[in-house]
Every structure is written in structure tokens, then in C-alpha cells.
Amino acid sequence: MSDQDSGHHDSEHFETLAIHAGQPADAGTGSVVTPIYQVSTYKQDGVGGLRGGYEYSRSANPTRTALERNLAALEGGRRGLAFASGLAAEDCLLRTMLAPGDHVVIPNDAYGGTFRLFAKVVERWGVDWSVADTSDPQAVRDALRPETKLIWVETPSNPLLGISDITALAGVARQAGVRLVVDNTFASPYLQQPLALGADVVVHSTTKYMGGHSDVVGGALVTADEALGEELAYHQNAMGAVAGPFDAWLVSRGIKTLAVRMDRHCANADRIARMLVAHPRVTQVYYPGLPEHAGHEVAAKQMKAFGGMVSFQVEGGEEAAVAVCDRARLFTLGESLGGVESLIEHPGRMTHASVAGSALEVPADLVRLSVGIEAVDDLLADLKQALR
Ligand SMILES: *Cc1c(COP(=O)(O)O)cnc(C)c1O
């Protein structure tokens, strides 16, 4: 097999890896795109005579392997694993790394579903958790206990776009002998590479920017630690929440254009954040690209650009925020994020309803935007009419 056919590339440029890493031309046909191997089992050449190691698609499937190798390359890790959803990936990670009696530090503005996984599911299995402001490394250090095994971080966070210093938190984790997990969903590996900054595991909801077209639900784990990667892969197979072949194919397809999409998401979000700052009905704008954002300097240090998510508070409270969401026409009212189309939502009643009454509660007058890649003038005009 030529180097080109193996999907191995010497380039370390992200844009090249995104298209080629782990994505060899198909051995049988030369198909330039890895086919959708919609298959459960594989003919063996004699008992135990596997072709390419494939025996059953929960354990491994060539379409998923292509994605998993690509994910590992993009995050600069050794092992990538693809799951049926972001939460399935998180569940696998937590059940691999934790046991009853262990403790985890989680952020005070975690994704609602991640918080629910800790508070309603994992806690019942004897794992304790506490909440810390992860933008303050000292607060995280103070939250550590002898039983702490993991520090969980999302940066930028959801929905308040808080920024945590990955390098500093990796230092806190290393000193305490605990592991640092970074949910890199909001940034994507194009903008931020947590493993290079000292994180042990990267988590993704590939549903978002990686897939990028609002047509698939998926998740991923990537680690640079060979032994941990093996353990996670063992649990992935043992627990079974793998990405199906078509879903894996869609995520791979999305990733090929991640760099160009992200460039446009970032440019559009920057324009929109600046318009909102100047808008008389907007009381607060959350976007790490704004110089006045509390995490701007750290974001500038650890991110290539500032991402496509913008949140803001409006004058007039909860009803006013809901009304802005209802009046938007080009921005589609909906949950999720990271697709080519712009979305608008009210976190308090939608994505973050499950954290109401907890330390993670979000402001009632908050509106969250997932800024798409449409013409920015159309997006600006729509928001202005929604805010009128
Ligand atoms: C969506 C999301 C998740 C969960 O992923 P699913 O694919 O919906 O299971 C986790 N973390 C973040 C930051 C998310 O936005």
C-alpha cells in the first residue's frame, strides 16, 4: 500500500489533516471517500483469520476507524473514539475513569446535559461532584479533595462563554495527581488543542461544529495517553454506545470543511458581537473576542480565534428575551449549535432548563446565538429587527 493509500500524511497542517488523516482511498475500489460500511459482521478467512482486524462492528467498523484516526490526528492525540452522542462519550469516559467514592470537580457553567449526567446519573453510582468557577485556577485547587480523580472543564463554556486557562488547570491537575478533561465542543480542534496544553482527555459533541450541518448526533473522546486510550476503547466496546457507520461518515464529511466553516463562523460572530455591544436594548454581551470580556487574554493565548457562539442579555427581562427569540426569522429558533445555519435560543427555558435552581442557573434574560455562515449583513439585519 502506498503512503497515500494508507491515509498517512506527513503534513501537520490542520486543513490537510482534516481532509486526509485516517481517510485512505478504499483498498478494494480506490474510492476517494471512505465508504459507508453498513455492515455488522465480517467474513473470516479461517477461524480467527480477520481481514484488517474487523470481526464485528461494535468492536470496530472501517468507516468509524477512518473517523477515529482523523479525530486523533486533529486533536494531536494517539487514540480517538467515536460514539453515538456526546453524552455517550462522556458516560464512557466517566465509567472508565471513576469508581464509587471518587469525586469530580465540574464547572459552574457546564453544558446542561453534562450537569444532568453528573447530578442525576453518575451520583447514584456513588460518585460525588462539586462545582467550581474553572476560570479561576485557585478556586479549582480549593475544590480538590483527597478523593478527587477528575477536573472537568468546558472552554469556552455554555452558554456564558466563560474562558478557563487550560495550561494553568493542567498544572493544578498534575500537581494533585488528578486528570484534566476538556470539553472542546465550542472551540473545535481548529481553534484550540487542549492535549497540547496539558489536558489528558478531550471530549466532543461531534453533533456541533465537527459534523457542522445539523444532520447527525455524535460524540468523541481523544487522548494522548496510550494506556488510557486502550482502557477507553475497551469500555467503548464493552458498553457499546458506538457511532454507527452512516453517522461516522457524516461526521468525517463535516470535518473536511471544518477549517473554512470555522473561519466564517468566527468572522460573523465577531461582527454580530460588536453590533450587539452598541445596541441600546442589549445590556450585556458575552463573546471572548471582545477586549472587555473577562477571559479575552486567556482566550487569545489558547485559541486561534474566538468561535461562533455569542450570548447576550436584553433589557426587559425574561419576557423580552423570549420575544427576541420569537421575532427572529433568519435565525432559527432551536437548540443545538455549530451548524452552517444560524440558531437562536433562550437557554433558561430551553437548553439549560435542567439546571434551574442549581449553582449553574443562567440569567433569565439571556439569549444565545449559534452564528452560522450565512451573509453577515442578513444576520445583522435579522437581529436588529428582532431587537426593535
Ligand atoms: C451538545 C453538547 C454536549 C452533549 O452532546 P450530545 O451530542 O448532544 O450528546 C456536550 N457538551 C457540549 C459543550 C455540548 O454543546
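Owing to the predicted nature of the structure, the values given are computational and were not obtained by experimental measurement.

(A) Representation of the environment of Arg69 within the structure. Within the secondary structure, Arg69 is located in helix H2 (residues 62–74). Along the primary structure Arg69 and Ala21 are separated by 48 residues, whereas in three dimensions their C-alpha atoms are 6.8 Å apart.

(B) Inspection of the packing of helix H10 (residues 258–277) against helix H13 (residues 376–386) at higher detail. Viewed as axis vectors pointing N to C, H10 and H13 meet at an angle of 30°, and their least axial separation amounts to 10 Å. Here H10 lies roughly parallel to H13, going by the angle between them. As H10 packs across H13, the resulting crossing turns out to be right-handed. In contact with Asn268, Arg271, Ile272 and Met275 of H10, H13 contributes Val376, Asp377, Leu379, Leu380, Leu383 and Lys384.

(C) A look at the sheet that holds strand S7 (residues 219–223). As summarised here, the arrangement of the seven strands in space is S1-S7-S6-S5-S4-S2-S3, forming an open sheet in which the pairing is mixed. Sheet topology places strand S1 (79–83) and strand S3 (128–132) at the edges, where each strand pairs with a single neighbour. Direction aside, the axes of adjacent strands within the sheet are offset by 20° on average. Of the pairings in the sheet, the one linking strand S2 (residues 103–107) to strand S4 (residues 148–154) comprises three bridges and is parallel in character. Each residue of the ladder has a partner; that of Val104, found in S4, is Leu150. This element, H2, spans S1 and S7 of the sheet and lies at about 130° to S1. Packed on one face of the sheet, helix H8 (residues 226–239) meets S1, strand S5 (179–183), strand S6 (201–205) and S7 and runs near 20° to S1.

(D) Summary view of the domain arrangement of the chain. Under the domain assignment used here, the chain contains domain 1 (3–255) and domain 2 (259–386). Taking the mean C-alpha position of each, domain 1 and domain 2 sit 26 Å from one another. On the side of domain 2, 41 residues touch domain 1, which itself brings 38 residues to the contact. Buried area between domain 1 and domain 2, summed over both chains or domains, comes out near 3,100 Å², and the portion from carbon and sulfur atoms is 64%.

(E) Spatial organisation of helix H3 (residues 86–97). In a regular helix each residue adds 1.5 Å, so twelve residues correspond to 16 Å; H3 covers 17 Å between its end C-alpha atoms and thus fits that length. The buried fraction of H3 amounts to ten of the twelve residues, a majority that puts the element mostly inside the structure. Every buried residue belonging to H3 is among Gly86, Ala88, Ala89, Glu90, Asp91, Cys92, Leu93, Leu94, Thr96 and Met97, and all of these are buried.

(F) Examining the packing of aromatic side chains more closely. Under the counting rule described, the total for this entry stands at five aromatic pairs. Relative to Tyr190, the ring of Phe14 lies with its centre 5.3 Å away and its plane at 50°, an arrangement referred to as tilted. You can see Phe14 sitting in helix H1 (residues 14–20) and its partner Tyr190 sitting in helix H7 (residues 188–191), a full 176 residues away along the chain. For the pair shown, Phe14 and Tyr190 are each scored as buried. Taking the centre distance of 5.4 Å and the plane angle of 85° together, the rings of Phe115 and Trp129 count as edge-to-face. A residue pair is termed long-range when its members are at least 10 positions apart, and Phe115 in helix H4 (residues 112–121) and Trp129 in strand S3 qualify at 14 residues. A single burial state applies to Phe115 and to Trp129, both of which are buried.

(G) Local environment of the site of the ligand. In the neighbourhood of the ligand, 14 residues make up the surrounding shell, with Gly86, Asp183, Ser205, Thr207 and Lys208 lying closest. Note that a nitrogen atom of the ligand is positioned 2.7 Å from one of the side-chain N or O atoms of Asp183. At 2.7 Å from an oxygen atom of the ligand is found a side-chain nitrogen or oxygen belonging to Lys208. Here the ligand has 380 Å² of accessible area as a free molecule, and 92% of this is covered by the chains. Sort the elements by how many residues they give to the shell around the ligand and H3 lands first, with three residues. Residues belonging to the shell around the ligand are distributed by class as follows: four nonpolar, six polar and four charged.

(H) The arrangement of the pattern of salt bridges in detail. Summed over the entire model, instances satisfying the criterion amount to 16 salt bridges. In this structure, Asp45 and Arg51 form a salt bridge, with 2.8 Å as the shortest nitrogen-oxygen distance. Residue Asp45 is classed as partly exposed on the basis of its relative accessible area of 44%. For the salt bridge of Arg281 with Glu315, the shortest nitrogen-to-oxygen distance reads 4.0 Å. One end of the pair, Arg281, is in the loop between H10 and strand S8 (282–286); the other, Glu315, is in the loop between strand S9 (309–314) and helix H12 (317–327), and 34 residues separate them in sequence.

(I) Here's a closer look at the sheet that holds strand S11 (residues 343–345). Taken together, five strands build an open sheet; the order of strands is S8-S9-S12-S11-S10 and the sheet is mixed. Only two strands of the sheet have a single neighbouring strand rather than two, namely S8 and strand S10 (332–333). Where S9 and strand S12 (residues 366–370) come together, five bridges link them in antiparallel fashion. In the strand pairing of S12, Phe312 is matched with Val367.

(J) Looking closely at the environment of His293. You can see His293 is positioned in the loop between S8 and helix H11 (296–302). Separated by 131 residues in sequence, His293 and Gly162 have C-alpha atoms that sit 8.8 Å apart. Discounting residues that sit within four places of it in the chain, His293 has contacts with Leu160, Leu161, Ile163, Tyr286, Tyr287 and Pro288. Side-chain polar atoms of His293 contact the backbone oxygen of Leu161, separated by 2.8 Å. Within the structure, the side chain of His293 is placed 2.8 Å from the backbone nitrogen of Gly295, a separation counted as a polar contact.

Basis of the calculations
Residues numbered from 1 in each chain as written. Predicted model: local features only at pLDDT ≥ 70, side-chain atom pairs only at ≥ 80, totals over all residues. Heavy atoms only, no water. Helix = DSSP H or I, 4+ residues; strand = E, 2+ residues; numbered from the N terminus. Axes fitted to C-alpha atoms, helices over the stretch in contact; angles between N-to-C directions. Parallel < 35°, antiparallel > 145°, perpendicular 65-115°, else oblique. Left-handed = near helix turned anticlockwise from the far one by under 90°. Contact = heavy atoms within 4.5 Å. Pairing = 2+ DSSP bridges. Domains from an automatic or database assignment. Buried area = accessible area lost by both parts, 1.4 Å probe. Expected span 1.5 Å × (residues − 1). Buried < 20%, exposed > 50% of the residue type's maximum accessible area, 1.4 Å probe, protein only. Phe/Tyr/Trp six-rings, centres within 6.5 Å; stacked < 30°, edge-to-face > 60°. Near = heavy atom within 4 Å. Polar contact = N/O pair within 3.5 Å; in protein donor to acceptor, adjacent residues only side chain to side chain. Areas by Shrake-Rupley, 256 points an atom, 1.4 Å probe, with all protein chains shown as cover. Nonpolar A, V, L, I, M, F, W, Y, C, P; charged D, E, K, R; others polar. Salt bridge = Lys/Arg side-chain N within 4 Å of Asp/Glu carboxyl O.

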